[in-house]
Amino acid sequence: MISVVLLSPSLVAAAPDPRAAEALARSLGSLVRATMEGVVRDAALIGPACDDLAAVADYAGCAHVEAATLNEGWARALSETRGDVVFALEGGYAPQTGFIEEASDLLLEGANFSGALLRRAPYNLATRFAPGLARPVGVLAQRGAVRTAQARDLNALVRHARPSRTLNVRAIRMV
């Protein structure tokens, strides 16, 4: 099963994002069906204290890690979750229809699963013609592969995880 770690938009922004709690709530909402179908096991939110994420985490029944940076909160978030596969997702994005099926197929690979990248859905002309140019907004990886990651943002986490494939499904911006 997958453990989701949602990253607050404030972790990568120069200033706190006033809509961070809403962004994370919408991202969590998009994963409810995956939880109901037994693909997602648990979740943790990482964000600075100024985002006031404790209420969202409490309402959703997931863990909350207060941290000013991803590097500071990553290990604590992993200790709060239990799945063998970790899905780090940037808050404010939601995987499109088909994510559950694709993630389920990846879980069947077990120990052979070497990671997968989730990219943003095409949002301009360049990304429509070359979808590989769309920026990563999520990564699925074995817990052991990312346990020691010293990541300042999602891109650094992706480089550490070195996923071997890109998911066919994309993520849309919710906020």
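Residues numbered from 1 in each chain as written. Predicted model: local features only at pLDDT ≥ 70, side-chain atom pairs only at ≥ 80, totals over all residues. Heavy atoms only, no water.

(A) Spotlight on the packing of aromatic side chains. All chains considered together, the criterion is met by one aromatic pair. When the ring centre of Y123 is taken as origin, the NZ or CZ atom of R120, which lies over that ring, is 4.1 Å away. (Phe/Tyr/Trp six-rings, centres within 6.5 Å; stacked < 30°, edge-to-face > 60°. Lys NZ or Arg CZ within 6 Å of the ring centre and 35° of its normal.)

(B) Layout of the pairing of strand 2 (residues 40–47). Extensive coverage of strand 2 is indicated by the burial of seven of its eight residues. For strand 1 (residues 2–7) and strand 2, the ladder comprises six bridges, and the chain directions are parallel. The partner of L7 across the bridge, within strand 2, is I46. Taken together, the four bridges between strand 2 and strand 3 (residues 63–66) define a ladder with parallel strand orientation. The partner of L45 across the bridge, within strand 3, is H64. After leaving strand 2, the chain enters helix 3 (residues 54–60) and then returns to the sheet as strand 3, a path that is right-handed. (Buried < 20%, exposed > 50% of the residue type's maximum accessible area, 1.4 Å probe, protein only. Helix = DSSP H or I, 4+ residues; strand = E, 2+ residues; numbered from the N terminus. Pairing = 2+ DSSP bridges. Right-handed = clockwise from strand over helix to strand, strands pointing away.)

(C) Molecular detail of the nonpolar core. Ranked by size, the top nonpolar core spans 31 residues in total, and within it F87 and L140 carry the most contacts. Looking at this core, the elements with two or more residues in it are strand 1, helix 1 (20–29), strand 2, helix 3, strand 4 (85–90), helix 5 (99–107), strand 6 (116–119) and strand 7 (136–142). The contacts of F87, once residues within four sequence positions are left out, are I2, S3, V4, V5, L31, P95, F99, L118, G138, V139 and L140. Membership of the second largest hydrophobic core comes to 25 residues, among which are V65, A88, V146 and L154. (Core = buried A, V, L, I, M, F, W, Y, C linked by side-chain atoms within 4.5 Å. Contact = heavy atoms within 4.5 Å.)

(D) Fine view of unusual backbone geometry. Not every positive phi belongs to a glycine, and D52 is a case in point at roughly 55°. Secondary-structure assignment places D52 in the loop between strand 2 and helix 3. Although it is not a glycine, R162 adopts a positive phi angle of roughly 45°. Assignment of secondary structure puts R162 in the loop between helix 8 (154–161) and strand 8 (165–166).

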